[in-house]
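# Tertiary structure, described
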Amino acid sequence: MSLERTTGHGGEHEQGHDGHGFTGWRYWLYTTDHKVIGIIYLWHALFALALGGLAALVFRLDLAVAPEPVYLSLLGYNSLISVHGLTMIFFVILPLQGAFFNYMLPLFLGVDEMAWPRMNALGAWGISAGLIILYTPFVTNLLGLSGVPTAAGWFQYPPLNTMMNSFGQDAGIVGVGILAITSTGSAANFFVTILNERDPKLGWFDLPPFVWFTMFANILALYSIPWVLDAWGMVWLERNLAMSFFNARAGGDPLLYQWIFWTFGHPEVYVLVLPGMGIAAEVISRFSERPLYGYKPLIASMALITVASVGVWAHHMYATGLAASRYAFMVFSMAIFLGFGVYIYSMIATMWKGRLHLTTPMLFSISVVIGLLYSGMDGAFFGQPATDIQFHSTYFVVGHFHFTIVTVGLFGLLAGVYYWFPRMTGRMYDTRLAKFHAFTTIVGMFGLFFMMGLLGDGSAPGSDGVMMMRRYATYTYAPQLQLGHILATGFALFAGVGQLAFFANLLWSLRNGDEVDDPWDDLFSGHNMPSPEWDGFPYWPPTPSSVRRHEPESGGVAHDGGTADETGGDD
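Scoring rules and cut-offs
- Residues numbered from 1 in each chain as written.
- Predicted model: local features only at pLDDT ≥ 70, side-chain atom pairs only at ≥ 80, totals over all residues.
- Heavy atoms only, no water.
- Core = buried A, V, L, I, M, F, W, Y, C linked by side-chain atoms within 4.5 Å.
- Buried < 20%, exposed > 50% of the residue type's maximum accessible area, 1.4 Å probe, protein only.
- Contact = heavy atoms within 4.5 Å.
- Axes fitted to C-alpha atoms, helices over the stretch in contact; angles between N-to-C directions.
- Helix = DSSP H or I, 4+ residues; strand = E, 2+ residues; numbered from the N terminus.
- Parallel < 35°, antiparallel > 145°, perpendicular 65-115°, else oblique.
- Nonpolar A, V, L, I, M, F, W, Y, C, P; charged D, E, K, R; others polar.
- Phe/Tyr/Trp six-rings, centres within 6.5 Å; stacked < 30°, edge-to-face > 60°.
- Lys NZ or Arg CZ within 6 Å of the ring centre and 35° of its normal.
- pLDDT = per-residue confidence, 0-100.
- Expected span 1.5 Å × (residues − 1).
- Polar contact = N/O pair within 3.5 Å; in protein donor to acceptor, adjacent residues only side chain to side chain.
- Lys, Arg positive; Asp, Glu negative; His and termini not counted.
- Salt bridge = Lys/Arg side-chain N within 4 Å of Asp/Glu carboxyl O.

## Some thoughts on the nonpolar core
Counting residues in each nonpolar core, the largest one holds 164 residues, and the members touching the most others are Phe90, Trp232, Met277, Tyr343 and Trp420. Ignoring anything within four residues of it in the chain, the contact list for tyrosine 343 reads Phe213, Met277, Ala280, Ala281, Leu298, Met302, Val368 and Leu372.

## Observations concerning the packing of helix α11 (residues 360–383) against helix α14 (residues 431–457)
Viewed as axis vectors pointing N to C, α11 and α14 meet at an angle of 10°, and their least axial separation amounts to 9 Å. By the angle between their axes, α11 is roughly parallel relative to α14. In this structure, α11 contributes Thr360, Leu363, Phe364, Ser367, Ile370, Gly371 and Tyr374 to the contact, and α14 contributes Thr431, Ala434, Lys435, His437, Ala438, Thr441, Ile442, Phe446 and Phe450. Grouping the constituent residues of the contact of α11 with α14 by class yields 9 nonpolar, 6 polar and 1 charged.

## Let's talk about the environment of glycine 416
Mapped onto the fold, glycine 416 is located in helix α13 (residues 395–425). Residues glycine 416 and phenylalanine 491 lie 75 residues apart in sequence; the distance between their C-alpha atoms is 24 Å.

## Observations regarding the packing of aromatic side chains
Evaluated as defined, the whole model comprises 56 aromatic pairs. Considering the side-chain rings of phenylalanine 246 and tyrosine 257, the 5.3 Å spacing of their centres and the 90° angle between planes classify their relative orientation as edge-to-face. With phenylalanine 246 in the loop between α7 (209–240) and α8 (254–288) and tyrosine 257 in helix α8, the pair connects residues that are 11 residues apart, well separated along the chain. Just as phenylalanine 246 is buried, tyrosine 257 falls in that class too. Ring geometry for tyrosine 419 versus tryptophan 534: centroids 5.8 Å apart, planes at 50°, classification tilted. Note that tyrosine 419 is positioned in helix α13 and tryptophan 534 in helix α16 (residues 532–535), a separation of 115 residues in sequence. Looking at lysine 296, its charged tip hangs above the ring of phenylalanine 205, at a distance of 4.8 Å from the centre. Note that arginine 471 overlies the ring of phenylalanine 155, its terminal NZ or CZ placed 4.7 Å from the centroid.

## Re the confidence of the model for the protein chain
Mean pLDDT over the protein chain works out to 87, with 91% of the residues at or above the 70 mark. Contacts for the low-pLDDT stretch residues 1–20, under 50 throughout, to residues beyond four places or in other chains number 50 contacts. Here residues 548–571 scores under 50 on pLDDT; set against residues more than four positions off or in separate chains, the count is 46 contacts.

## Here we look at helix α2 (residues 34–65)
The end-to-end C-alpha distance of α2 is 47 Å, a good match for the 46 Å that 32 residues give at a rise of 1.5 Å each. Measuring from the side-chain oxygen of the N-cap residue of α2 to the backbone nitrogen of lysine 35 gives 2.8 Å; that N-cap residue is aspartate 33.

## Thoughts on the side chain of aspartate 378
Residue position: aspartate 378 is located in helix α11. Among buried charged residues, aspartate 378 stands out as having no salt bridge; its nearest opposite-charge side chain is arginine 470, 13 Å away. Among the polar contacts listed, one links the side chain of aspartate 378 to the side chain of histidine 400, at a separation of 2.6 Å.

## Describing the pattern of salt bridges
Per the stated rule, a full pass over the model turns up 5 salt bridges. Residue aspartate 170 pairs with arginine 239 through a salt bridge whose shortest N-O separation is 2.9 Å. One end of the pair, aspartate 170, is in helix α6 (residues 167–197); the other, arginine 239, is in helix α7, with 69 residues separating them in the sequence. Looking at aspartate 170, the relative accessible area reads 17%, which means it is buried.

If you want it as C-alpha cells, here you go:
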C-alpha cells in the first residue's frame, strides 16, 4: 500500500533520533501524519463493520428460525443487539468519517497538516481502546470469567443500565466513553483546521461541499457528545459509587436520563449523516460533470438543519407525557424537512441533463438521495405527536432509524471509500466486484429496512395486522410475524454476501490492484470539474460561470442536455 508522507506541524515526529523515518510498527504508532492517521481510522472502521455486521446476522437468523430464541438466550440476544448498535454508531460510522476528515481535509484546504497533529493521533488510538474494552466481555464470558456484555440497548435506558450487575455493562459505558472523549478533541481539531488553517485564498464560498458538511457535523459533535458523557458518567457513578441520579428506588428519576441522553441523541443523528451527504454531493457533481445546483442555498439549508437539530430531542419523548410543550418540538422537527428537501432538490437538479457516469461511488451516492427521501417520508410520522405515539414502541422505528443511518450516512461513506480508495492507496480495486457489492448492499439493505417497517406497521406478509414490538427478543405473542422475519433475514444475508465481496476486493487491491494516480480523469471530457484532493492548488470552485470560463475551447461538456455516458461504469 502506498502512502504519501507529509511534513508540517507534526513533521518532527515522523523522524527517529538518527534522522531517518520510523519503520514497521513504530511508523504507525508514533505517526502524526494526517494521511497515515486517516488510514488507521479507515481500517478500524472496516474491522468494526465486520464485527457489527456479523452480530446482526446472528440475531437476525435467530429471529427468522422461530418466534422464541433458538441459538441465543434472552440475555444473549439483548447483549448482541446492544453491542451491534454501539459498534455501528460509535465505532463504524464515526471512525469512517474520521478517515476522510483526516486524509482529505488538508488536501481540500491546501494545508500540510491538521491544526493539532498529536490530538489527531490520540483520536485514532481512542478508537482502538474503546473497541477493545467494548468487546472484552465477549472474551471473558467465553472463558467463564465474567457476565455478559452490556444488554441495555445502544441508548442504555435506566433501570437496565443501572441495575444490571455485570462487568460488561461497565465495559460498554467506559469503552464508548473513551471514544467520546477522544472524538470531542478530534471534532475540535477538524473544526479549527477548517476555520484557521485553510489556504488564505479560499473564501467561505470557495469551499467544496464536503468541507461545509464536515464543519456542520463537527459543530454538532462538539455540542452533543458532552451530553452522552454526562449521562453515562452519571450512570457509572450510580453503579459504582452508590450515587443516585436515575434509580427511582433510591430517589432518582429515570426520565431525567432521557432528557440528558436525547439532547445528545438527536443532534448525533445529523453528526452521523451529514458527512455522508457531503461526500454524495461531491460525487454526484463530479460524475454528472456539472457544478452543484444551488450551491449557496444548499449550504444555507445545512445551516438550518444544524440549528434546528438542537431543538428536536424531545420528539423521542412524546410518549412520556410532555403535554402542550411537545408541539414546540414538533415545529423544529418539521422545519428540518425544509433543509433536507433543498438537498434532495439540489442533487436531482445537478444530475438533470448531466452526463451521468454510473460508477460505484455514483451508485451509492444516488442511493443516499433515495434513502433520504424515504427516511424523510417515514420520519414525518415521528415529528407528529399523534402518529409518533402510535409507532413509538414498534419495529417501524427500527426500520426508520436504519434507513436514516445506513442508507444516508453509511452509503455516503461507502461512496467515499470507492471514490477515494485509489487516492489513499495508489491502487485501483476491481470495478466489477465493486458493483456487485453495490448491488447486493443497496438491494439487501433497502429490502431489509423496508421489511422492518412493514413488521412495525402491521402490514408484513402474513402478519394479520399485528405489529412487531421493538426491544422484544421474541415474538411468541404473534407467531404469524415469522414470515416477515424470514424475508427480512433473507435480505440481510443477501447484503452480507456483498460485504464479503467488499472486504475481499479491498484486501486484494492493496497489493494486486493497478497502480493509478487519478482513475476518474479519463471519464471526463476535459478538465472542467476540478477537485482539490485530486488536482491540487490553485483551486477554483466549479460554479456554472467558472466551468464555462475554464472549459477547453473544443471538446467541452454540453451542460445543457448532455447525454449519459454509454459505458456508465468504472472501467
